[in-house]
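# Descriptive structure summary
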Amino acid sequence: MADTEPAPARYDAIVIGAGISGLYQLHRLRALGMRVLVLEAGTGVGGTWYWNRYPGARFDSESYSYGYSFSPELLAEWDWTEHFAPQPETLRYLNFVADKFDLRRDIRFSSRVAAAHYQDTAREWAVTTEDGASFRARFLITAIGPLSAPTMPRIAGVESFTGQSFHTARWPHEAVSFEGKRVAVIGTGATGVQTIQEVAKTAGHLTVFQRTPNWCAPLLNSKIDAAEMAKIRAGYPEIFRRCQETFACFVHTMDPRGTFEVSAEEREAFWEKLYASPGFGIWQGNFRDMLTDRAANALISDFVARKIRQRVKDPAVAEKLIPKNHGFGTRRVPLETRYYEAYNQDNVTLVDISETPIERITPTGIKTSDAAYEFDIIIYATGFDAVTGSFDRIDIRGVGGQRLKDRWKAGPETYLGVLVDGFPNMMMLIGPHMALGNIPRSIEYNVDWVTDLVRHARARDLTLVEATRAGVTEWTDHVKSLGVGLLSNEINSWMTGVNSNVDGKQVRIVNRYSGSAPAYRARCDEVAAKGYEGMVLA
Ligand code: NAP
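Definitions and limits used
- Residues numbered from 1 in each chain as written.
- Predicted model: local features only at pLDDT ≥ 70, side-chain atom pairs only at ≥ 80, totals over all residues.
- Heavy atoms only, no water.
- Near = heavy atom within 4 Å.
- Polar contact = N/O pair within 3.5 Å; in protein donor to acceptor, adjacent residues only side chain to side chain.
- Areas by Shrake-Rupley, 256 points an atom, 1.4 Å probe, with all protein chains shown as cover.
- Domains from an automatic or database assignment.
- Core = buried A, V, L, I, M, F, W, Y, C linked by side-chain atoms within 4.5 Å.
- Buried < 20%, exposed > 50% of the residue type's maximum accessible area, 1.4 Å probe, protein only.
- Helix = DSSP H or I, 4+ residues; strand = E, 2+ residues; numbered from the N terminus.
- Axes fitted to C-alpha atoms, helices over the stretch in contact; angles between N-to-C directions.
- Parallel < 35°, antiparallel > 145°, perpendicular 65-115°, else oblique.
- Contact = heavy atoms within 4.5 Å.
- Nonpolar A, V, L, I, M, F, W, Y, C, P; charged D, E, K, R; others polar.
- Phe/Tyr/Trp six-rings, centres within 6.5 Å; stacked < 30°, edge-to-face > 60°.
- Lys NZ or Arg CZ within 6 Å of the ring centre and 35° of its normal.
- Expected span 1.5 Å × (residues − 1).
- Arc of directions from axis to C-beta.
- Pairing = 2+ DSSP bridges.
- Lys, Arg positive; Asp, Glu negative; His and termini not counted.
- Salt bridge = Lys/Arg side-chain N within 4 Å of Asp/Glu carboxyl O.

## Remarks on the site of the ligand
Close to the ligand lie 24 residues; R58, T191, R211, T212 and W494 are nearest. In this structure, a nitrogen atom belonging to the ligand sits 2.7 Å away from a main-chain N or O atom of R58. Calculation on the ligand without its partners gives an accessible area of 920 Å², and the protein chains cover 85% of this total. Two domains each put at least three residues into the shell around the ligand: domain 1 (9–45 + 103–149 + 386–537) and domain 2 (158–380).

## Considering the nonpolar core
Counting residues in hydrophobic clusters, the biggest one holds 70 residues, and the most contacted among them are L419 and W449. Among the elements that take part in this core, helix α16 (residues 439–459) stands out by supplying 8 residues, more than any other. When residues of this core are assigned to domains, at least three fall in each of domain 1 (9–45 + 103–149 + 386–537) and domain 2 (158–380). Counting 56 residues, the second-largest nonpolar core is a separate cluster that includes A203, F303, L321 and Y343.

## Thoughts on the packing of helix α7 (residues 226–234) against helix α8 (residues 236–245)
Where α7 contacts α8, the two axes come as close as 4 Å, and the packing angle between them is 60°. Here α7 is positioned oblique relative to α8, judged by the angle of their axes. Contacts between α7 and α8 involve M229, I232, R233 and A234 from the former and Y236, P237 and I239 from the latter. Taken together, the residues that form the contact of α7 with α8 break down as 6 nonpolar, no polar and 1 charged.

## Let's talk about the packing of aromatic side chains
Tallied over the full model, the rule gives 37 aromatic pairs. Between the aromatic rings of Y339 and Y340, the centroid separation amounts to 5.2 Å while the plane-to-plane angle is 65°, which identifies the pairing as edge-to-face. With centroids separated by 6.2 Å and ring planes inclined at 80°, the aromatic side chains of Y445 and Y520 adopt a geometry described as edge-to-face. Taken together, the residues Y445 in helix α16 and Y520 in helix α18 (residues 517–529) connect sequence positions 75 residues apart. In this structure, Y445 and Y520 share a single accessibility class: buried. The structure contains a cluster of three or more aromatic residues connected by ring pairs, namely Y24, W49, F59, Y66, Y68, F70, W78, W80, Y93, F96 and F101. In this structure, R257 is placed above the aromatic ring of F270, and the distance from its NZ or CZ to the ring centre is 5.0 Å.

## Re the side chain of E466
By secondary structure assignment, the location of E466 is in strand β19 (residues 465–467). Excluding residues within four positions of it along the chain, E466 makes contact with V420, D421, G422, F423, P424, M535 and V536.

## Digging into α18
Compared with an ideal rise of 1.5 Å per residue, which puts 13 residues at 18 Å, α18 spans 18 Å between its outermost C-alpha atoms and is within 8% of the ideal. All buried positions along α18 are accounted for by A517, Y520, R521, R523, C524 and V527. Seen end-on, α18 carries its buried residues on one side only, within an arc spanning 160°. Contacts made by the buried residues of α18 are with α8, α16 and α17 (469–482). The N-cap residue of α18 is S516: its side-chain oxygen and the backbone nitrogen of A519 are 3.0 Å apart. Looking one or two residues past α18, G531 carries a phi angle of roughly 70°, positive in sign.

## Thoughts on α16
With 21 residues, α16 extends 30 Å from end C-alpha to end C-alpha; this agrees with the ideal 30 Å at 1.5 Å per step. Of all 21 residues making up α16, 15 are buried, and the element is well covered by its neighbours. Count one or two residues on from α16 and you reach D461, which has phi positive near 55°.

## Details of the environment of T168
Residue placement: T168 occurs in the loop between β7 (164–167) and β8 (182–186). Distance from T168 to N499, taken between C-alpha atoms, is 16 Å for residues 331 residues apart in sequence. The residues contacting T168, other than those within four sequence positions of it, are W51, N52, R53, Y54, T191, T195, I379, Y380 and A381.

## Considerations on the sheet that holds strand β9 (residues 205–210)
Spatially, the 5 strands line up as an open sheet ordered β7-β16-β8-β9-β12, and their pairing is parallel. Since the sheet does not close on itself, it has two edges, and those belong to β7 and β12 (348–352), each with one partner. With direction set aside, neighbouring strand axes in the sheet form an average angle of 15°.

## Thoughts on the side chain of D352
Within the secondary structure, D352 sits in strand β12. For D352, which is buried and forms no salt bridge, the nearest opposite charge comes from K320, at a distance of 4.8 Å. If near-sequence neighbours (up to four positions away) are discounted, D352 is found in contact with Q210 and K320.

In structure tokens, the structure reads:
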């Protein structure tokens, strides 16, 4: 460092990201009396809910199961207005949380982290942002999200389009009008589905470019009035207790029965009921063997295919919308509101690009193998370099300058999804190998566990906290073994780390913990109770 440059500011901990996990982590570490700095790329708090402002964005978890549970006061003060809150409401909620706990004063906004290098001798992290600022801290905590590194499609000519174009996860803060416009949407994942059903309401003409259809199911959202909110509030202890017990922290949980243990009539009636119920019940509350037994999966897929055929008037369009290369629930199920009915509208066209591939984006639109389309607006709902992508985009180096990206080339290796050997004093919130599901529930547990670990280290004046190699090997093997036999691990999707738009991400990997959330927590609790076994504390 040149003599004239100021010494980097020092903190006890640096947290990267001011989304749901970063905000709560700041709150918890502050309560330990630590000096904490949060570095946030955006101009405001909210993470996912700050960036994903596309039309129709909302979550698919019940609002009252999604908010933080740690503060009775917060639960008493915040009213949800819809069963599945739209993005603006969730962003308002997270701003409310930031204000209530006075979090902003420790957050440096517009600060995208470029690099984080471990300093062997000092046992601390040197962190630099893209705007050239440098900071040092004993602990580095990543709160960068599993779905936060958006990917544009690798299609020739993307830069040449002269109309408006947006990636859904980089949506402008101002409203975009579709009134009378010719609009294209590329991508039909959970984001594309929400965008399409919303844009179809006002666009002059909407053309959807679909490469792979997904199995969608009805969201069945509704408003929450004051009386219902009072009931929800009284029921919070029970709601959060239930979320602690279910497989993926949703209010829904797998039915203990096997698909073939009931009669065909019972099965059909059960599925009809699930299809007519709000939320993820049909995915998370279905027969226990739905995602492991091929014959069972084929039956539920056939049920949902029949629903699609009933809802889409043109049989040829319906067939295009029915997935043929994967079964129901083996990819994340998008929940929809009149998505299929949108294709019955005169102003909506579906283009199956598995039949007629996109050749290029032109200055005025999109050229497929058999037609040229003109557009005013192109929306890229093309997803994310998931789970490891947000790590890959930061130059993270551990002991001896080892790069995390290189270490994870063949897939992530972690201890409990939180630590990596060779990267001391770095803790990951909702990193690879973590239980996902209803994510704020996983986040709260994850943050509490990390906070306890930091408290433990500080109480003993320890300056190094690191997973052992053996611990990482054992946990990584365990996570891989949990995925064996799961039909979803045989399918290309972000959940198996495949992204056609990123070099080196065409091979399926195990990037998430697919055991139950209670089992995950039991294991982490046990590790802590045994004085952090599988780790070096020095
Ligand atoms: P995604 O599920 O990965 O979907 C991306 C879509 O873009 C796919 O249809 C994909 O087709 C298509 N695509 C990508 N590259 C393409 C290319 N070069 N040419 C043509 N099509 C291309 O991403 P996402 O929809 O953003 O959703 C990601 C996850 O975010 C969800 O699964 C969910 O977990 C979360 N999410 C949640 C909510 C919610 O809570 N309601 C809402 C939105 C998102 P292929 O399938 O052929 O690759």
